[in-house]
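So the chains spell out like this:
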Amino acid sequence: MTLDQARGGLWAIVPAAGAGTRFGAALPKQYLEVEGEPLVAHALRALLSHPAIEGAVVALADGDPHWPGWTELEGKPIVACLGGATRADSVLAALAALPASVRPDDFVLVHDAARPNLSQADLQQLLERGRADPVGAILAAPVRDTLKRAGDDGGIDATQPREHLWRALTPQLFRRLQLTRALEAAQRDAVVVTDESMAMERQGHRPLLVEGSEDNLKVTTRADLALVAFLLRSAAAGED
Ligand SMILES: Nc1ccn([C@@H]2O[C@H](COP(=O)(O)OP(=O)(O)OP(=O)(O)O)[C@@H](O)[C@H]2O)c(=O)n1
Ligand SMILES: C[C@](O)(CO)[C@H](O)COP(=O)(O)O
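Remember, predicted model here, so these are calculated numbers, not experimental data.

By nearness alone, 19 residues border ligand 1, and Gly20, Thr21, Arg22, Lys29 and Ser90 come closest of all. Taking Ser90, its side chain carries an N or O atom lying 2.8 Å from a nitrogen atom of ligand 1. Within the backbone of Ala113, one N or O atom sits 3.2 Å away from an oxygen atom of ligand 1. When the free accessible area of ligand 1 is taken as 570 Å², the share hidden by the protein chains comes to 87%. At the level of elements, strand E1 (10-16) and helix H3 (87-97) are the ones that each hand at least two residues to the shell around ligand 1. When its residues are assigned to classes, the shell around ligand 1 shows 7 nonpolar, 7 polar and 5 charged.

Our focus in this paragraph is the nonpolar core. Leu44 and Leu109 are the most contacted members of the largest nonpolar core, which has 33 residues in total. Counting only elements with at least two residues in this core, the list comes to E1, helix H2 (39-48), strand E4 (53-60), strand E7 (107-110), helix H4 (120-130), strand E8 (136-142) and strand E11 (166-175). Ranked by residue count, the leading element in this core is H2, at 6 residues. If we ignore the near neighbours within four places in the chain, the residues touching Leu44 are Val14, Ala56, Val58, Trp67, Trp70, Leu73 and Ile78. Cys81, Leu92, Val102 and Val110 belong to the second-largest nonpolar core, a separate cluster that totals 25 residues.

With that settled, consider the site of ligand 2. Taken together, Arg22, Arg87, Asp112, Arg115, Ala168, Thr170, Thr194, Asp195 and Lys218 form the complete shell of residues around ligand 2. In this structure, Lys218 approaches ligand 2 through a side-chain N or O atom, which is 2.7 Å from an oxygen atom. Out of a free accessible area of 360 Å², ligand 2 has 75% covered by protein chains. Of the residues that constitute the shell around ligand 2, the class distribution is 1 nonpolar, 2 polar and 6 charged.

Of all the 10 residues making up E11, 7 are buried; the element is thus mostly covered by neighbouring parts of the structure. In terms of strand pairing, E7 meets E11 through 4 bridges, oriented antiparallel. Counterpart to Phe107 in the pairing with E11 is Arg175. In terms of strand pairing, E8 meets E11 through 6 bridges, oriented antiparallel. Paired with Ala140 across the strands is Ala168, a residue of E11.

UniProt tags Arg162 and Lys218 as "site: Positions MEP for the nucleophilic attack" (unreviewed entry). Counting through the fold element by element, Arg162 comes out in the loop between strand E10 (156-160) and E11. On the basis of relative accessible area, Arg162 is assigned to the partly exposed category, the value being 35%. Those residues in contact with Arg162, other than ones at most four positions away along the chain, are Val143, Arg144, Asp145 and Thr146. In this structure Lys218 comes out as partly exposed when scored by relative accessible area, which is 26%. Excluding residues within four positions of it along the chain, Lys218 makes contact with Arg22, Asp112, Ala114, Arg115 and Asp224. Reaching out from Lys218, the side chain makes a polar contact with the side chain of Thr220 at a distance of 2.7 Å.

Right, let's get into the environment of Pro99. Of note, Pro99 is situated in the loop between H3 and E7. Judged by its relative accessible area of 21%, Pro99 is partly exposed. Each C-alpha atom, one on Pro99 and one on Ala185, is 23 Å from the other, the two residues being 86 residues apart in sequence. Other than its neighbours up to four places away in sequence, Pro99 contacts Trp11 and Arg176.

Rules used throughout
Residues take numbers from 1 onward in each chain, read along the sequence in its written order. Whichever chain is written first becomes A and whichever ligand is written first becomes 1, with later ones labelled in order. The predicted nature of this model means local features are confined to residues of pLDDT at least 70 and side-chain atom pairs, given and counted, to a pLDDT of 80 or more, with totals for whole chains, interfaces and linings taken over all residues. The basis for every side-chain value is the complete set of non-hydrogen atoms in the structure, without hydrogens or water. Any residue with a heavy atom lying within 4 Å of a molecule or strand is counted as near it. Think of a polar contact as two N or O atoms within 3.5 Å of one another; within protein, one of them needs to be a possible hydrogen donor and the other a possible acceptor, and neighboring residues in sequence only count if both atoms come from side chains. Note that accessible areas follow from Shrake-Rupley with a 1.4 Å probe, and for residues the cover is restricted to the protein chains shown. Runs of H or I in DSSP of at least four residues are treated as helices and runs of E of at least two as strands, each being numbered from the N terminus. Throughout, the ten residues Ala, Val, Leu, Ile, Met, Phe, Trp, Tyr, Cys and Pro are labelled nonpolar, Asp, Glu, Lys and Arg are labelled charged, and all others, Gly among them, are labelled polar. Nonpolar cores are built from buried Ala, Val, Leu, Ile, Met, Phe, Trp, Tyr and Cys residues. Side-chain atoms within 4.5 Å join them into one set. Buried, partly exposed and exposed residues are distinguished by accessible area as a fraction of the type maximum, computed with a 1.4 Å probe on protein chains only: under 20%, between the cut-offs, and over 50%, respectively. Residue contacts follow a heavy-atom distance rule, with two residues in contact if any of their heavy atoms lie within 4.5 Å. By this definition, two strands are paired if DSSP reports at least two bridges between them. UniProt positions are given in the numbering used here, feature names are shortened, and annotations may be inferred rather than shown by experiment.

Dropping the structure here:
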């Protein structure tokens, strides 16, 4: 057992300050309800129901009228903070809002509010393998479709080799100070990072890939919601 694993609990960060533009609903997609709860609640419960997770910081849009004001779920504390214009801004704000008890070299998890179907098995795997890695780890899924590179005219320019290609999922697990520094560096360089791992990779780190379930879907467009609703209903009915 590594020192990190022995240290016990860790905190999660849930960036939830997005507008859900691609989804196009009347409210941000993280507040769309499935099985009687908003997607962000499912994401938070998946994290906070794991014994190794101590609490969560949720980054919200300025003046978010939809946030129910939770201060705890699953018997664990939830701290809300003001997110930013980009995902990276929101994650940086949440890193700064973590309790002082979270030390600079403690691991923290970052998980999309729009990924409600995180399984305990995947979370356990990420924590076990990620906390044994010097840098950290991300859940990911190997690419199984053939990938095409499109030309400006909509025609196919090339087929991309898919060996060694993975789709990044979340949660992503990194040390508080290392991740803060990596995101700050990306900001200084005016580079928009689409996940936390990209910021870490820019610093020369090689996070571990931990294979996760394809069911850990991110709700991005309307087509995603029906499938996620089916998965959550099946899970609630115990039909994994
Ligand atoms: N400024 C932002 C942008 C995104 N997010 C969060 O990052 C996660 C993944 O982002 P994405 O799926 O792109 O959500 P949106 O940005 O809301 O979607 P869109 O790009 O369609 O507007 C979501 O939980 C979203 O709330 C955030 O906290 N702060
Ligand atoms: C973090 C992420 O979910 C990993 O695939 C993805 O990069 C988020 O992208 P989005 O455009 O902010 O949804």
